[in-house]
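Single-letter residue listing:
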Amino acid sequence: MDDPALRRLLAGFRAFRARHYERQPEPWMRLVREGQRPEVLVVACSDSRVDPALLLGAEPGELFVVRNVAALVPPYAPDGAEHGTAAAIEFAVKVLGVRHVLVLGHGGCAGVAAARAGTPAGCEEFLGPWTRTVADAVSGLDEPAEMERAAVRRSLENLRGYPWLAEAERAGLLAVHGWRFDLERGRIEGYDEAAGRFRDLAP
Ligand SMILES: [Zn+2]
């Protein structure tokens, strides 16, 4: 294993192992014995800079995470095709019983930009149709931050199109949240549905 990138990752794993198997094994062993019971599902972007556990200081077992290009929740489409994000949402809501579903968009999101500006050359097979999920939500917007916020809002709307999720929300068992991490300023803003705007959540 002489590739520096992989060497670095294996050094990271050794540090993880030292912490969770040697120095403080009990919380980890409890997760092994009892399984996971995360209270929060996060839908985040695949972008390498926006790891939700890292940003939010979450420990193993705290977050059930699905990451995809642009942190999108696709529309409810139970058509028997392979819907990875929907599968994660279904498992988190129906089996894990998460109490929060958090869509975490971010600043400088190339996936959201592609929804407006067009798919990178050669990526029409999968990336094109995927980012077009939010094309109409971002059309007419020029400011990247506004497009990213619109994409988060669209994902919240789409979440509520999953009937069992909407039902859990109506029953007060679950809440949905739309957040956007601003990389440049180091801020997290959340969509305030009553006010119809995003506001700083951690001033
Ligand atoms: Zn992104």
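Cut-offs and rules
- Residues numbered from 1 in each chain as written.
- Predicted model: local features only at pLDDT ≥ 70, side-chain atom pairs only at ≥ 80, totals over all residues.
- Heavy atoms only, no water.
- Helix = DSSP H or I, 4+ residues; strand = E, 2+ residues; numbered from the N terminus.
- Rg over C-alpha atoms; globule rule 2.2 N^0.38 Å.
- Buried < 20%, exposed > 50% of the residue type's maximum accessible area, 1.4 Å probe, protein only.
- Pairing = 2+ DSSP bridges.
- Donors = N, O, S within 2.8 Å, 3.2 Å for Na, K, Ca; no water.
- Domains from an automatic or database assignment.
- Contact = heavy atoms within 4.5 Å.
- Salt bridge = Lys/Arg side-chain N within 4 Å of Asp/Glu carboxyl O.
- Polar contact = N/O pair within 3.5 Å; in protein donor to acceptor, adjacent residues only side chain to side chain.
- Nonpolar A, V, L, I, M, F, W, Y, C, P; charged D, E, K, R; others polar.

In this section: the overall build of the chain. Secondary structure summary: the chain contains nine helices and six strands in total. For 203 residues, the compact-globule formula gives about 17 Å, and the C-alpha radius of gyration of the chain, at 18 Å, lands near that figure. Taking the principal axes of its C-alpha atoms as reference, the chain extends roughly 55 × 45 × 45 Å. Sorting the 203 residues of the chain into buried and exposed places 37% on the buried side.

Now for the pairing of strand E3 (residues 100–106). Taking burial as the measure, the seven residues of E3 include six buried ones, the bulk of the element. By the bridge criterion, five bridges tie strand E1 (residues 40–45) to E3 in an arrangement that is parallel. Residue pairing for E3: Val40 is matched across the bridge by His100.

Moving on, we get to the coordination of the zinc ion. The expected angle between donors at a tetrahedral four-coordinate metal is 109.5 degrees. At an octahedral six-coordinate metal it is 90 or 180 degrees. Protein-derived coordination of the zinc ion comes from Cys45 (SG), His106 (NE2) and Cys109 (SG), at a distance range of 2.0 to 2.2 Å. All donors of the zinc ion belong to a single chain; written as a sequence motif, their spacing is C-x60-H-x2-C. Residue Cys45 is located in strand E1, and its partner His106 is located in strand E3; the two are separated by 61 residues in the primary sequence. Residue class for Cys45 comes out buried when judged on its relative accessible area of 5%.

One can read the domain layout of the chain as domain 1 (1–35) and domain 2 (36–200). Placing the centre of domain 1 and that of domain 2 at their C-alpha centroids yields a distance of 28 Å. At the interface, six residues of domain 1 touch five residues of domain 2. Along the contact surface separating domain 1 from domain 2 lie two salt bridges. Where Glu59 meets Arg19, a salt bridge forms, and the shortest distance between an N and an O atom there is 2.9 Å. Our count for the contact surface shared by domain 1 and domain 2 stands at two residue pairs in polar contact (both at pLDDT 80 or more). Those elements giving two or more residues to the side of domain 1 that touches domain 2 turn out to be helix H1 (4–23) and helix H2 (25–34). Considered class by class, the residues forming the side of domain 1 that touches domain 2 number two nonpolar, two polar and two charged.

Our next topic: the pairing of strand E5 (residues 187–192). Of the pairings in the sheet, the one linking strand E4 (residues 175–182) to E5 comprises four bridges and is antiparallel in character. Across the sheet, the residue bridging to Asp182 is Arg187, located in E5. Taking the residues that link successive antiparallel strands as the turn, the E4-E5 hairpin has four residues, and the phi of Gly186 there is positive, at about 65 degrees. Pairing geometry for E5 and strand E6 (residues 197–200), over four bridges, is antiparallel. Across the sheet, the residue bridging to Glu189 is Asp200, located in E6. If you look at the hairpin formed by E5 and E6, you'll find four residues sitting between the two strands, and Gly196 has a positive phi there, around 70 degrees.

This part takes up the environment of Glu59. With respect to the helices and strands, the residue Glu59 is situated in the loop between helix H3 (52–56) and strand E2 (63–68). Those residues in contact with Glu59 that lie beyond four places of it in its chain are Arg19 and His20. Of note is the side chain of Glu59, whose polar atom sits 2.9 Å from the side chain of Arg19.

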